[in-house]
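A look at the structure
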Amino acid sequence: MSTPQNAHTPLRERRDGAVVTLTLDRPDKHNALDRAGWIALERTFRRLSEDETVRVVVVTGAGEAAFCTGADIAEFDQVRSNAAQAAEYGTMLHGALRAVQECRHPVVAAINGLCVGGGLELACVCDLRIAADHARFGVPVKKLGLVVAYEELAPLVDLVGGAQALRLLLEGRIMDAAEALRIGLVGQVVAKADFTAAVAESVGLIAEGAPLVARWHKRFVRNLVAKTPLTEADRADNYACFDTEDFQEGRAAFLAKRKPVFKGR
């Protein structure tokens, strides 16, 4: 079932049970995000993060040519033509990326084509990245005389390390999906013909798990990657699952040799 959307929205939302698919919908612009698109992305993710009935969010691009090519350069004369404007635009863009990264539910990037610039930044803040074998990746901002801000660069460095991130930035070339897999930029590459089925399989596996556990694991991994000092409350979360209905259900289902039905409680 599709959620009613304004005809001019750059972001389409579809809901199938506990799975929400967000489609960047500007295929004529290779799904580049203009200012309205970044704002819509942040608002949508903030809303979905608070929705207890959601278990997985999928982000993809309309068509087969591109996942997302980042910010819409055509509007830069109006919104990003000097340092002051760029700082304001950056605040807005970083808010959108944080909303994706901080979403309590697992977020899967289904990369169905060109994934460059801000589109690659968006993919990097998702939890899983599944790419079709025709996908291409890069950050060719050197050709525009632009830098990638600290906040945008950090998730890429976390994924591939400083040396590989610098290679992408300094060379400015576009790599294929096989190389992206080799350096850890994506976790899975599948043939174009099998792409939709592979995404559905991954999403299904996530959605059938205990949603509270998925949220805890997201937070645990984020804290470990950021090397955040653990508090007593953090350590208590190691065992909080034992007091949930889902744990009781999971244990009972295991003993009864049946599939568990988790309710997120």
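Predicted, not measured: the structure shown is a model, and the values here were computed from it. (Residues numbered from 1 in each chain as written. Predicted model: local features only at pLDDT ≥ 70, side-chain atom pairs only at ≥ 80, totals over all residues. Heavy atoms only, no water.)

1. Thoughts on the overall build of the protein
Quick reminder of the rule: The helix count covers DSSP runs of H or I at least four residues long, the strand count covers runs of E at least two residues long, and both are numbered beginning at the N terminus. Radius of gyration here uses only the C-alpha atoms, and the compact-globule reference equals 2.2 Å multiplied by the residue count raised to the power 0.38. Three exposure classes are used, based on accessible area relative to the maximum for each residue type with a 1.4 Å probe and protein chains only: buried under 20%, partly exposed in between, and exposed over 50%. Contacts are assigned to residue pairs with any non-hydrogen atoms lying within 4.5 Å of each other. Every accessible area reported is derived by Shrake-Rupley at a probe size of 1.4 Å, with residue values counting cover from the shown protein chains alone.
Secondary structure assignment for the protein yields 10 helices and 10 strands. Taking 265 residues into account, the globule formula puts the C-alpha radius of gyration at 18 Å, and the protein, at 19 Å, falls close to it. The C-alpha extent of the protein, read off along each of the three principal axes, is 60 × 40 × 35 Å. Counting only residues that meet the buried cut, the protein has 46% of its 265 residues in that class. Here the analysis covers contacts within the protein between residues at least 6 apart in sequence; of these, 67% occur between residues at least 24 apart. Working note: accessible area of the protein is about 13,700 Å², and carbon and sulfur atoms make up 57% of it.

2. Here we look at the side chain of arginine 129
With respect to the secondary-structure elements, arginine 129 resides in strand S7 (residues 128-132). Excluding anything up to four places from it in sequence, arginine 129 contacts Ala109, Ile111, Ala123, Cys124, Leu159, Leu185, Val186, Gly187 and Gln188.

3. Concerning the layout of surface pockets
Note the following rule: In the cavity and pocket records, a cavity denotes points on a 1 Å grid over the protein atoms alone where a 1.4 Å probe fits but cannot get out, a pocket denotes an open set with protein on both sides within 12 Å along at least 5 of 7 lines, and lining residues are residues with an atom within 4 Å of a point. Grid points are joined across faces, edges and corners, and a volume is the space filled by probe spheres set on the points. Residue polarity follows a fixed list, in which Ala, Val, Leu, Ile, Met, Phe, Trp, Tyr, Cys and Pro are nonpolar, Asp, Glu, Lys and Arg are charged, and the others, Gly among them, are polar.
Looking at the largest pocket, its volume works out to about 630 Å³. Considering the residues around the largest pocket, the lining is formed by 22 residues, among which Gln101, Cys124, Asp127, Arg222 and Val225 are closest to the centre. Listing elements by their share of the lining of the largest pocket, those giving two or more residues are helix H3 (83-102), helix H5 (150-171) and helix H8 (211-226). For the second largest pocket, the calculated volume is near 440 Å³. Looking at the second largest pocket, it is lined by 21 residues, and the ones nearest its centre are Thr60, Ala110, Phe195, Thr196 and Val199. When the residues that make up the lining of the second largest pocket are grouped by side-chain class, the tally is nine nonpolar, eight polar and four charged.

4. Comments concerning the side chain of asparagine 112
Selection rule: The definition of a polar contact used here is a pair of N or O atoms within 3.5 Å, where within protein one atom must be able to donate a hydrogen and the other to accept one, and adjacent residues in sequence count solely through side-chain atom pairs.
For asparagine 112, the position within the fold is in the loop between strand S5 (107-111) and strand S6 (114-116). For asparagine 112, a relative accessible area of 6% corresponds to the buried category. One polar contact links asparagine 112 to threonine 60, side chain to side chain, over a distance of 3.4 Å. Once residues lying within four places of it in the same chain are set aside, the contact partners of asparagine 112 are Thr60, Gly61, Gly63, Glu64, Ala65, Ala66, Phe67, Ala132, His134 and Phe195.

5. Here we look at the pairing of S7
Test applied: Paired strands, as defined in this entry, are two strands with at least two bridges between them according to DSSP.
Judged by how many residues are buried, S7 sits mostly within the fold: four of five residues are covered. Pairing analysis gives four bridges linking S5 to S7, with the strands arranged parallel. Along S7, the bridge assignment pairs alanine 110 with isoleucine 130. In this sheet, strand S10 (residues 188-190) lies alongside S7 in parallel orientation, the contact comprising three bridges.

6. Considerations on the confidence of the model for the protein
Just so we agree on the cut-off: Every residue gets a pLDDT, meaning the predictor's confidence in that residue, from 0 to 100.
On average, residues of the protein score 91 in pLDDT, and 97% of them are at 70 or above. Ranking the elements of the protein by mean pLDDT puts helix H2 (residues 76-79) last, at 79, and S5 first, at 98. For the stretch residues 1-7, pLDDT sits under 50, and the model shows eight contacts to residues farther than four places along the chain or on other chains.

7. A closer look at the packing of aromatic side chains
Put simply, the rule is: For Phe, Tyr and Trp, where Trp contributes only its six-membered ring, two rings pair if their centres lie within 6.5 Å, and the inter-plane angle classes them as stacked under 30 degrees, edge-to-face over 60, or tilted in between.
Applying the stated rule across the entire model yields two aromatic pairs. Ring centres of phenylalanine 76 and tyrosine 89 lie 6.2 Å apart, and the angle between their planes is 70°; this geometry places the pair in the edge-to-face category. One end of the pair, phenylalanine 76, is in helix H2; the other, tyrosine 89, is in helix H3, and 13 residues separate them in sequence. There is no split in this pair, since phenylalanine 76 and tyrosine 89 are both buried.

8. Section: the pattern of salt bridges
So the rule is basically this: When a carboxyl oxygen of Asp or Glu lies within 4 Å of a side-chain nitrogen of Lys or Arg, that pair is called a salt bridge.
Going through the model one piece at a time under the given rule, you end up with 22 salt bridges. Arginine 46 is paired through a salt bridge with glutamate 102; the nearest N and O atoms lie 3.0 Å apart. You can see arginine 46 sitting in helix H1 (residues 35-49) and its partner glutamate 102 sitting in helix H3, a full 56 residues away along the chain. By relative accessible area, arginine 46 is classed as partly exposed at 34%. Since its relative accessible area comes to 38%, glutamate 102 is described here as partly exposed. As a salt-bridge pair, lysine 259 and glutamate 208 come within 3.4 Å of each other at their nearest N and O atoms. Here glutamate 208 lies in the loop between helix H7 (195-207) and H8 and lysine 259 lies in the segment after helix H10 (245-256), a separation of 51 residues in the sequence. On the accessibility criterion, lysine 259 (59% relative accessible area) is exposed. Take glutamate 208: its relative accessible area is 38%, and that puts it in the partly exposed class. Salt bridges linked by common partners bring Arg167, Glu171, Arg173, Glu179 and Arg182 together as one network.

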